[in-house]
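Structural characterization, general
Listed here are the chains, written in short residue letters.
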Amino acid sequence: MSDSNQPQTTVTSSVRDYDIIIVGGGLVGATLAALIQNVRKKDRSLLNIAVVEGGCEPAAPDLSKFDPRVVALTRSSQNVLRSVGAWPIIESERACPYTDMRVWDGEGTGSIHFDCLEIGESNLGHIVENSIALNAVHQRLAKATNVHRLFGERVVQLAGDEKNRRLILESSETLSAPLIIAADGARSKIRELAAIPVRQWSYGHHAIVTTVKTEQSHQFTAWQRFLSTGPLAFLPLYNSIDPSNNNVSSIVWSLNDDVAKQKMALSDDEFNASLSRAFESRLGEVTWSDRRYCLPLWQRHAVDYTRPGLALVGDAAHSIHPLAGQGVNLGFLDAHALAGEIRRFTQAGLSLSEPSLLRRYQRNRKSHNLMTMAAMEGFKRLFGAKSLQVRWLRNAGIKQVDQWALVKNTIAREILGV
């Protein structure tokens, strides 16, 4: 076999140099690239950025269908997307504001209602289909001459030293940069190659996600019922196909592994009936459901977010239970924080491999992410408890919070991200 097929030959003969390489062109990685695309060095030149993505370039969304994957965006995430010019594109295609949130205990009588008017806001956030948001960000990146998007490329090796990292791709091409950012998801290849340990465990749950239609309007409300088998969320979607009929919702149904398997085996009619019962028919009966997807749920948290010349963002650094829809919002906060450090160090003429850049980023984000993850774990355990005493206290507590305007409105502002 010819030696020309060996990666080492390509490494020595052809290396493409960048200032920053982002591995992962999903929502968080692409948004990070958009946040730093206009950063200028001391000589006024723009950063030279590569985005390495194993999949294909995002296609224009098909608005005659609904994407089963949705994100519940906070105001802070919306502002990040607005700052890179993506939010107007998203709004022009499809985004559903929700004005209320209703949460109740399926094992008791406790319930809480959040209303945007009570905190003087027009909404509590937006539900946006993943494909619409992703395409909007990539539309902005496509116009940036200093951002080089490499689709269909996978990383097989991480090399170099702390001053200049190198990535060897499956195509045998080699890229180098003083800073590599891993935005390649919960099973991050870069995190694995960098030997960054992860604390992880299975929730013992799978999430069933799909799009449904109900007899009644969703009322621009995010609904969540907590059951002993896991939470069930109905998230409102804007029905651009029939704007007069707001009866389309995205559901995320978290279930014990064995129960999820049983639900996936049901016929559409059986599933719709089972879903209606689980939701207490709050919006009437579920009349239609799209193809179902079933995803295992894990909590993961990297022990460190950084190594010399390397940073983790989004799910590569942390992944949590979807019960509050905070995963992508935490990723946007990571991207915003890291982009700020990159801008500060670049404009000061400092190397992007400078260890203090990465220390500042980790200090900024790690404690906040840990607190959020701990809160989500606490909610899961609290609502999964079967003890009668715990259930009584839980329901009494929910009722009390619903009556305490100050506490409830503080929580509502946290939901909105303001």
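Our structure is the block above this text.
My aim in this report is to walk through the structure given alongside it, one point at a time. Quantities reported herein were computed from a predicted structural model and do not represent experimental measurements.

**Structural notes on the overall build of the protein**
A count of helical and extended segments in the protein gives twelve helices and 22 strands. For the protein, the residues scored as buried account for 52% of the 418 residues in total. In the protein, of all internal contacts separated by at least 6 residues, the share reaching a separation of at least 24 is 76%. When the accessible surface of the protein is totalled, it reaches about 18,400 Å², and 51% of it is carbon and sulfur.

**Here's the deal with unusual backbone geometry**
In this structure, Ser172 takes a positive phi of about 80° despite not being glycine. Considering the arrangement of structural elements, one finds Ser172 in the loop between β11 (164–169) and β12 (174–177). We note that Gln219 has phi near 65°; this positive angle belongs to a residue other than glycine. As for its position among the elements, Gln219 is in the loop between β14 (198–214) and β15 (221–227).

**Thoughts on the pattern of salt bridges**
Overall, the coordinates contain 14 salt bridges when judged by the stated rule. Residue Arg292 is joined to Asp268 by a salt bridge in which the shortest nitrogen-to-oxygen separation is 3.0 Å. Highlighted residues: Arg292 in the loop between β18 (286–289) and β19 (293–302) and Asp268 in helix α8 (residues 268–278), separated in sequence by 24 residues. Judged by relative accessible area, Arg292 falls into the buried class, the value being 12%. Residues joined by salt bridges that share partners form a network here, namely Arg225, Glu280 and Arg282.

**Re the packing of helix α2 (residues 27–36) against helix α9 (residues 327–347)**
Across the interface, α2 lies against α9 with an axial gap of 9 Å and an inter-helix angle of 30°. Here α2 is positioned roughly parallel relative to α9, judged by the angle of their axes. The interaxial crossing formed by α2 with α9 has right-handed handedness. Of the residues in α9, those touching α2 at Leu27, Val28, Thr31, Leu32, Leu35 and Ile36 are Val328, Gly331, Phe332, Ala335, His336, Leu338, Ala339, Ile342 and Arg343. Taken together, the residues of the contact of α2 with α9 sort by class into eleven nonpolar, three polar and one charged.

**Some thoughts on the environment of Trp87**
Along the chain, Trp87 turns up in helix α4 (residues 87–93). For Trp87, a relative accessible area of 0% translates into the label buried. Remark: the alpha-carbon pair of Trp87 and Val137, spanning 50 residues in sequence, is separated by 8.5 Å. Apart from residues no more than four positions distant in its own chain, Trp87 is found in contact with Leu73, Gln78, Leu81, Arg82, Ala95, His126 and Val128.

**Things to note about the nonpolar core**
Of all hydrophobic cores here, the largest spans 72 residues; its most connected members are Ile21, Ile22 and Ile36. Setting aside chain neighbours within four positions, we find Ile36 in contact with Ile20, Ile22, Leu47, Ile49, Ala339 and Ile342. Grouped together as the second largest cluster of nonpolar side chains are 19 residues, Tyr98, Met101, Phe114 and Phe226 included.

**Here's the deal with α8**
Of the residues making up α8, those classed as buried are Phe271, Asn272, Ser274, Leu275, Ser276 and Ala278. Summarising the contacts, the buried residues of α8 are in contact with β14, β15, β16 (230–236), β17 (248–256), α7 (257–264) and β18. Looking one or two places after α8, you find Glu280, whose phi comes out positive at around 60°.

**Thoughts on the pairing of strand β3 (residues 49–53)**
Buried residues dominate β3, accounting for five of its five residues. Judged by which residues are buried, β3 turns out to be covered on both faces: Ile49, Val51 and Glu53 on one side and Ala50 and Val52 on the other are all buried. The parallel pair strand β2 (residues 20–23) and β3, bridged by α2, forms a crossover whose chirality is right-handed.

**A short note on the packing of α2 against helix α5 (residues 130–141)**
α5 packs onto α2 with a crossing angle of 25° between their chain directions and a minimal axis gap of 9 Å. Judged by the inter-axis angle, α2 sits roughly parallel to α5. Crossing of α2 against α5: the hand is left-handed. Between α2 and α5, the contacting residues are Leu27, Ala30, Thr31, Ala33 and Ala34 on the first element and Asn130, Ala133, Leu134, Val137, His138 and Leu141 on the second. Of the residues in the contact of α2 with α5, the class split is eight nonpolar, three polar and no charged.

Rules used in this analysis
Residues numbered from 1 in each chain as written. Predicted model: local features only at pLDDT ≥ 70, side-chain atom pairs only at ≥ 80, totals over all residues. Heavy atoms only, no water. Helix = DSSP H or I, 4+ residues; strand = E, 2+ residues; numbered from the N terminus. Buried < 20%, exposed > 50% of the residue type's maximum accessible area, 1.4 Å probe, protein only. Contact = heavy atoms within 4.5 Å. Areas by Shrake-Rupley, 256 points an atom, 1.4 Å probe, with all protein chains shown as cover. Salt bridge = Lys/Arg side-chain N within 4 Å of Asp/Glu carboxyl O. Axes fitted to C-alpha atoms, helices over the stretch in contact; angles between N-to-C directions. Parallel < 35°, antiparallel > 145°, perpendicular 65-115°, else oblique. Left-handed = near helix turned anticlockwise from the far one by under 90°. Nonpolar A, V, L, I, M, F, W, Y, C, P; charged D, E, K, R; others polar. Core = buried A, V, L, I, M, F, W, Y, C linked by side-chain atoms within 4.5 Å. Right-handed = clockwise from strand over helix to strand, strands pointing away.

The quantities given are spatial measurements derived from coordinates; they are silent on function.
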